[in-house]
Amino acid sequence: MKLFCLPFAGGTKRAYANWSRFANPSIKIEAIEIRGRGERFGQSFYQDITEAVDDIFSIIKDKISNEPYALFGHSMGTLLIFELYYKLIAEGYHRPQHIFFSGRQSPIVKDNMFVNSSMPDDEFASKIIALGGIQEELSQSKELMAYYMPILKNDIRIMENYAFKERPTKIKCKISVLSGIDDKIDSEQQIVWADLCEQQSRSYYFTGGHFFINDHVEKIVNMIKSELLPELRGVL
């Protein structure tokens, strides 16, 4: 089985670089590099979420024809995989076995942005640093900030302009929702994810804030194994 992983705003596929060392051999971790960063630095930024989803679909469509797969996204990545699910179904592809939504409220929830793309760079950077999105020492490098700022601001911009559209059918595969205990997601908003899913969902909580995934890689990968390979649950 393949697990396709999508990054948070400003992130690259390197966010998932060490996940494979904890994964069961039956699960292949495949992190997706989206445009404008990492291995795709220099490629044009997405104009909107739809363009991003179309691009991601073009990357994975030939990799899911003959085997089961699952999707994982953190923060912005959750929004991308939510829309990607419906893109895959609309294009006639089989649905994922499982979706892991991490670090973000349901797309139904409005006004959930902690920063906005029109903020002055200094204010924008300070808020991202407070969330753990940029290490404070890296923010002291003008070169690094010149690299990250346009990427981050465009990612935030396309999320700001995203408009949720209700679908005639709910998500039909199993979902798991991952949250940091100290993040800005409350239990009432958390439940909304379940409202979008036909099957029963599971919620997992980890110590830490918005970027809790950086501190709990082994625990998260073990949780994923238990969901994707339930026959191994209790012996992982």
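Scope of this entry: the structure provided in the associated data block. Just so you know, these numbers come straight off a predicted model, no measurement behind them.

1. A look at helix 6 (residues 217–228)
Consideration 1: With 12 residues, helix 6 should cover 16 Å at 1.5 Å per step; its first-to-last C-alpha distance of 16 Å lies within 8% of that length.
Consideration 2: Of all the 12 residues making up helix 6, nine are buried; the element is thus mostly covered by neighbouring parts of the structure.
Consideration 3: Here helix 6 has its buried residues at Val 217, Ile 220, Val 221, Met 223, Ile 224, Lys 225, Ser 226, Glu 227 and Leu 228.
Consideration 4: In this structure, the buried residues of helix 6 make contact with strand 1 (2–6), strand 3 (69–74), strand 4 (98–102), strand 5 (174–180) and strand 6 (202–206).

2. Looking at the environment of Pro 68
Consideration 1: Here Pro 68 shows up in the loop between helix 1 (49–60) and strand 3.
Consideration 2: With relative accessibility at 41%, the residue Pro 68 sits in the partly exposed group.
Consideration 3: In this structure Pro 68 touches Met 1, Lys 2, His 94 and Gln 97, once residues within four positions along its chain are discounted.

3. Details of the packing of helix 3 (residues 121–131) against helix 4 (residues 142–160)
Consideration 1: For the pair helix 3 and helix 4, interaxial distance at closest approach is 11 Å and the crossing angle is 80 degrees. Taken together, the axis directions place helix 3 and helix 4 in an arrangement best described as roughly perpendicular. Along the contact surface, helix 3 presents Asp 121, Phe 124, Ala 125 and Ile 128, while helix 4 presents Met 145, Met 149, Leu 152, Lys 153 and Ile 156.
Consideration 2: Here the residues of the contact of helix 3 with helix 4 sort into seven nonpolar, no polar and two charged.

4. Remarks on the nonpolar core
Taken as a class, soluble globular proteins show a tendency for nonpolar side chains to be buried jointly.
Consideration 1: Of all hydrophobic cores here, the largest spans 46 residues; its most connected members are Ile 99 and Ile 171.
Consideration 2: Of all the secondary structure elements, the ones that give two or more residues to this core are strand 1, helix 1, strand 3, helix 2 (76–90), strand 4, helix 3, helix 4 and strand 5.
Consideration 3: Residue contributions to this core peak at nine residues, all from helix 2.
Consideration 4: Met 1, Leu 3, Phe 100 and Ile 213 belong to the second-largest nonpolar core, a separate cluster that totals 27 residues.

5. Comments concerning unusual backbone geometry
Consideration 1: Of note in the backbone geometry, Ser 75 takes a positive phi value of approximately 60 degrees without being a glycine.
Consideration 2: By secondary structure assignment, the location of Ser 75 is in the loop between strand 3 and helix 2.
Consideration 3: Residue Ser 75 is classed as buried on the basis of its relative accessible area, which comes to 8%.

6. Looking at the side chain of Glu 83
Consideration 1: With respect to the secondary-structure elements, Glu 83 resides in helix 2.
Consideration 2: Excluding its chain neighbours within four sequence positions, the residues that come into contact with Glu 83 are Ile 49, Val 53, Tyr 162 and Arg 167.

Calculation criteria
Residues numbered from 1 in each chain as written. Predicted model: local features only at pLDDT ≥ 70, side-chain atom pairs only at ≥ 80, totals over all residues. Heavy atoms only, no water. Helix = DSSP H or I, 4+ residues; strand = E, 2+ residues; numbered from the N terminus. Expected span 1.5 Å × (residues − 1). Buried < 20%, exposed > 50% of the residue type's maximum accessible area, 1.4 Å probe, protein only. Contact = heavy atoms within 4.5 Å. Axes fitted to C-alpha atoms, helices over the stretch in contact; angles between N-to-C directions. Parallel < 35°, antiparallel > 145°, perpendicular 65-115°, else oblique. Nonpolar A, V, L, I, M, F, W, Y, C, P; charged D, E, K, R; others polar. Core = buried A, V, L, I, M, F, W, Y, C linked by side-chain atoms within 4.5 Å.

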